[in-house]
Every structure is written in structure tokens, then in C-alpha cells.
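Structural characterization, general
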Amino acid sequence: MKAFFVRVASIAVASTSLLAPAIPALAISVESVASRPNFAGSVGQWEVSGGPSVLSDGRVILRESGNQKMFLSRDVSLSDNDGNYAVFIAYTKAQRIDNRGNANAMDITGLPYLYGYLMDGTRIRTYMQGQEMRHDAGTENVWAISYGVFSLPSGTDTARLFLKQAERRGSVKGNLEAWFYRPGFYVVDRPADALTVVEWYRSRLSDIPASLSTVTSAPAPRPNPSGDTCAPLNGELVLRTAFEPGVGIDARFRFGALISSWTSSVHDYSSGTSVANTLTSTQSYDGFQSLGLSNASYGQDNGRERTAPYLYDEAVGYDVTNLFSEGEWYRVSMRMKFINGGSSVPVTIAKETRGTQSYSAITQSYSTPVGSEWKCVYLDVRQGPRSLYGNVTQPTAEDVTLFFGNVPKSTRLFIDDARVTRL
């Protein structure tokens, strides 16, 4: 359906062409918004990626530089909600504003913006973007409201929310600060109700205390480990899997069909295949053996053999459920090597959070190519509070997984020295 925008008192609301353009009388009062469920929750319940600052007073500060990606994300369940519209909103502030006046020339790099998906299972039904989701104040270091209003497609059961920084291609990230405060996600019945939520946020804009304009209580920064990136000298070893003869394999180390987020029924390594069955002495980083994984099959999709590599077919990783302490930094690392005539293979190491839903949410990730020399592939993770789905706490399982794409048949990946280190 073609979308249109209705503007009332300088508030833009996305609707659909099947709705009458006239806005009816407000069905909910501004005062009642405070008592409505805010499915975004507190920022302490969000997953962090890239090391943003999450302050005790509820502020979030992103400072991207170089190729760095920094954001917060959260999945919320909408299964038990029968509203028709979702409002994603937050107070935002930018360190730098480009005031050249020409929208096409304006450099948006560094500006805070809201982003997300409305999903049916793992299928994305709506991309939450555009509208007023990007910070649009005309003055630097001034709090404003960023928001969007979206129709909920039938069958929507999950919203995936992000707090991010905008980026214009070709621009240099300059460690600019993007601020967020009191993110909200509300489900309402009518566009008029959505307007009321926005008005409630606008009425409280002047209440943001001046003390929030400066950083006063930033959490401890990410440690800067010394020594080898896969074996930091100033870290505390929590787990290690070395794949050597006579050395037991930690039960938390998994691979193949033991990685429970998989949905394909055909794998090169079934759940009955042990790590010991795949050890090889042809390559080793430190010792006599390593884990050698081949890509003999591309697996099946809907009963037909795939013609391209299946991304998760040789995934390995650690089950880190209840292993990490809240607020602490950990490094999950593995040595990796790929020998195939001088070519390389792209690999991604990612932290995944799984609730009772049937999908996994990747909350942090890092990708890099790996070739014929041993390379340390690692991800630094700062554990936040356990995930909440809606307003109900549910059991959460977490993995840090290394997976591969574009792996030619009959080639082999070698993995050694898998570690979890507390920094």
C-alpha cells in the first residue's frame, strides 16, 4: 500500500492510503501514556555492540570512528498485542550538525537515528526507517525527538530495534558523539493514539535536566589487552579448547548440528559426530592437531540440494549461556587457517541470543577474511542484563559462533586454540 504522511502540529505520522486522512479526536490522553507498556524497556536490557557507553542514568552515547560499527539492539515480542500501530521514539542529540541547507549535500555522518524491523518469525515484514527517525535538530548538542509510526502487518510477532549512527558514503567518521535517552516502543490502536505518544514525549522534552548534557558517570571502558590478541597477557582464561591428544574437549564447545539455531535437516556433521572425529594432524597452530572441517555437501533446501555453500554448514562455537558476568568484558577467540590456492574465505564470529522463540538474534558480530596463514579471529563481548521479551522474563540461551560463507567443496578449514578470556 502506498504510504502518505499526515502532519498535525508539526508531527508527522505514517499511515496507509486505506485510512481517511482526517485525524479523529485523541482516543488516549497525553497523561495516560506514562502508564502504557513501553516495550523498549530500559537501555540496560539492550544488547551492545562495538563498545558504546550506556550510562546509569539511562543515556546511551555512540562514538564511531574509522570502520567501527557501534550500536544497541533489542528484540521485543508482540505476540500478545492486538494493536494496529507501533511508535518507535527517543530523545536524541548530536555533537555535530551540518547546516549547509541543501539536503542532498548535507553530511549526515554521526547523527543518531532509530532503525528496526517488524517481523513474522524470521521474515521481515516492514523496515522501520525514514520519517523522523534520524535526528533533525538544527542546533548541535540540543535534545530533540526522533520517531516513526508504522502500521503493524498481520502476523507481526517481533520488533527488532536498533539505536545507531548515520553514515554517508565517503565521509570520515570522526569519533562524533550521538546521544539517545529514554527510547520507547509503544503499540496503539489508531494514528491519533500514536500522535498522543509523540505529544507526551514532546511535553517532557524541557524536563530533561541540564546535567544530562555532559558525561558524568560513564561505565568502565573496554580493557586494552596487551600481548597476543588471541591470548591477552592481562586476561583471565575462562575456557580453552586446544584439540590435542589426551586433552578433553570442553562440553561448551560445539559444532555442526549441535548448534541449535540451525534449521536445515541436512548437514555435513550430524549431531552424532564428535569433535574427536574431525581432528587432523596435517595442520596445527600450537601442538600436534587442529580441528579440520571440510565442505563435502551444500546441504538441502526444501528437499533440493543447494547449489551454493550453506552459510552455517560448518559453524563452530561456544555455548556461553550463564557463563558471562553482567557488566564484564570477555574475548571469544579462535585461530583459523584456510588453504585453497592462495584464496581466502570470509568468516564471521557472532554472539547470538535465543529465547523461547524459534529464531536467533545476532547481537554482536565481526567479519574478516582468512587465508593460508594462521589468523586470530575474535569478538569482544560486554554482557548486559539477561534478555526480556516484552514484559516477561524468559530463559535465554547464548552462543558465540564462528561461521563461514562461500566455502568451495572439498576444501578444508582449520581451527585451533579456541578460548574465552575475561578481560
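Criteria and cut-off values
- Residues numbered from 1 in each chain as written.
- Predicted model: local features only at pLDDT ≥ 70, side-chain atom pairs only at ≥ 80, totals over all residues.
- Heavy atoms only, no water.
- Core = buried A, V, L, I, M, F, W, Y, C linked by side-chain atoms within 4.5 Å.
- Buried < 20%, exposed > 50% of the residue type's maximum accessible area, 1.4 Å probe, protein only.
- Helix = DSSP H or I, 4+ residues; strand = E, 2+ residues; numbered from the N terminus.
- Contact = heavy atoms within 4.5 Å.
- Salt bridge = Lys/Arg side-chain N within 4 Å of Asp/Glu carboxyl O.
- Phe/Tyr/Trp six-rings, centres within 6.5 Å; stacked < 30°, edge-to-face > 60°.
- Pairing = 2+ DSSP bridges.
- Axes fitted to C-alpha atoms, helices over the stretch in contact; angles between N-to-C directions.
- pLDDT = per-residue confidence, 0-100.

Turning our attention to the nonpolar core. Residues F253, V316, M336, L402 and I415 are the most contacted members of the largest nonpolar core, which totals 31 residues. The set of elements that each furnish at least two residues to this core consists of β16 (253-255), β18 (290-294), β21 (316-319), β22 (329-338), β23 (345-354), β25 (375-382), β28 (397-404) and β29 (412-422). Considering every element that reaches this core, the biggest residue donor is β22, with five residues. Not counting chain neighbours up to four residues away, the residues in contact with F253 comprise T241, F243, V275, L291, V316, G317, Y318, M334 and A418. Counting residues in hydrophobic clusters, the runner-up holds 28 residues, among them F88, A90, L118 and L161.

By the definition in use, this model includes 11 salt bridges. The salt bridge partner of K69 is E167, with a shortest N-O separation of 2.9 Å. In this pair, K69 sits in the loop between β5 (59-62) and β6 (71-77) while E167 sits in the loop between β11 (158-165) and β12 (178-188), placing the two residues 98 residues apart along the sequence. With relative accessibility at 49%, the residue K69 sits in the partly exposed group. The exposure class assigned to E167 is partly exposed, which follows from its relative accessible area of 39%. For D228, the salt bridge is made with R335, and the minimal N-O distance between the two is 2.6 Å. Of the two residues, D228 is situated in strand β13 (residues 227-228) and R335 in strand β22; the sequence distance between them amounts to 107 residues. One network of salt bridges, in which partners are shared, links D228, R240, R335, D417 and R419.

Following the sequence through the fold, V345 ends up in strand β23. A sequence separation of 27 residues divides V345 from S372, and the C-alpha atoms of the two residues are 9.8 Å apart.

Turning our attention to the side chain of T280. You can see T280 is positioned in strand β17 (residues 279-280). Those residues in contact with T280, other than ones at most four positions away along the chain, are F288, Q289, S290, L291, G292, R412 and F414.

The next point concerns the packing of aromatic side chains. Applying the stated criterion to the full structure yields 17 aromatic pairs. Taking 5.1 Å as the distance between ring centres and 40° as the angle between the ring planes, the aromatic pair formed by Y91 and Y201 counts as tilted. With Y91 in strand β7 (residues 85-94) and Y201 in helix α1 (residues 191-203), this residue pair connects regions lying 110 residues apart in the sequence. Here Y91 and Y201 have matching classes, each one buried.

Right, let's talk about the pairing of β22 for a bit. A large share of β22 lies buried, amounting to 10 of its 10 residues. A two-sided burial pattern is seen for β22, the buried positions comprising W329, R331, S333, R335 and K337 on one face and Y330, V332, M334, M336 and F338 on the other. Sheet topology note: the β22/β25 ladder contains eight bridges and is antiparallel. Residue pairing in the sheet places R331 in a bridge with D380 of β25.

This paragraph deals with the sheet that holds β5. Strand order in this open sheet of five strands is β4-β5-β12-β7-β10, and the pairing throughout is antiparallel. Looking at the sheet topology across the chains shown, the edges are occupied by β4 (53-54) and β10 (144-151). Pairing of β5 with β12 involves four bridges; the strand directions are antiparallel. Of the residues in β12, the one forming a bridge with L62 is A178. Strands in contact with α1 are β7, β10 and β12; relative to β12, the strand with the most contacts, it is inclined by about 150°.

Our focus in this paragraph is the confidence of the model for the protein chain. Averaged over all residues, the pLDDT of the protein chain equals 75, while 70% of them reach at least 70. When mean pLDDT is taken per element in the protein chain, β10 scores highest with 94 and strand β26 (residues 388-389) scores lowest with 32. Taken together, the stretch residues 1-26 has pLDDT below 50 and engages in 55 contacts with residues farther than four places along the chain or on a different chain. In the model, residues 215-219 has pLDDT below 50 throughout and makes 15 contacts with residues more than four positions away in sequence or in other chains.

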